[in-house]
Amino acid sequence: MPTNEKEINCNLFDQLSILERIEAVTDDEKALKQIAIERRQIERKLYQQPPRAE
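Residues numbered from 1 in each chain as written. Predicted model: local features only at pLDDT ≥ 70, side-chain atom pairs only at ≥ 80, totals over all residues. Heavy atoms only, no water.

J.: Would you take a moment to explain helix α2 (residues 29–46) for this structure?
T.: An α-helical segment advances 3.6 residues per turn. Residues three or four places apart therefore align on the same side. Helix length check: α2, at 18 residues, gives a terminal C-alpha distance of 25 Å against a target of 26 Å (1.5 Å per residue), a fit within 8%. The secondary structure elements touched by the buried residues of α2 are α1 (5–25). (Helix = DSSP H or I, 4+ residues; strand = E, 2+ residues; numbered from the N terminus. Expected span 1.5 Å × (residues − 1). Contact = heavy atoms within 4.5 Å.)

J.: I keep staring at the nonpolar core and nothing clicks. Help me out?
T.: Proteins that are soluble and globular tend to have nonpolar side chains buried together. In terms of nonpolar packing, the biggest core is built from 6 residues, these being Leu12, Leu16, Leu19, Ile35, Ile42 and Leu46. Contributions of two or more residues to this core are made by α1 and α2. Contacts of Leu19, omitting those with residues within four sequence positions, involve Ile35, Glu38, Arg39 and Ile42. (Core = buried A, V, L, I, M, F, W, Y, C linked by side-chain atoms within 4.5 Å. Buried < 20%, exposed > 50% of the residue type's maximum accessible area, 1.4 Å probe, protein only.)

J.: Any chance you could explain the pattern of salt bridges here in plain terms?
T.: Proximity of charged atoms lets side chains of opposite charge pair with each other. Summed over the entire model, instances satisfying the criterion amount to 1 salt bridge. The partner of Glu23 in a salt bridge is Arg39, and the shortest N-O contact between them spans 2.6 Å. Of this pair, Glu23 sits in helix α1 while Arg39 sits in helix α2, and the two are 16 residues apart along the sequence. According to the relative accessible area criterion, Glu23 is partly exposed, its value standing at 34%. (Salt bridge = Lys/Arg side-chain N within 4 Å of Asp/Glu carboxyl O.)

Remember, this is a structural readout, not a statement about activity or role.
Dropping the structure here:
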């Protein structure tokens with residue numbers, strides 16, 4: 001289990017790389033749509049702003 005933000009980000013970038021490799025070799029439209037959904041979910045986690053402390 002990742003213990004810090006850097007490890008989590010590395011795992012998310014690895015997941016994006018896997019999606020890119022799969023996307024490069026498939027012509028299946030349903031698979032490409034699912035890859036796009038997964039990519040958006042990963043990017044949302046990767047680029048989220050940290051919560052503000054008030």
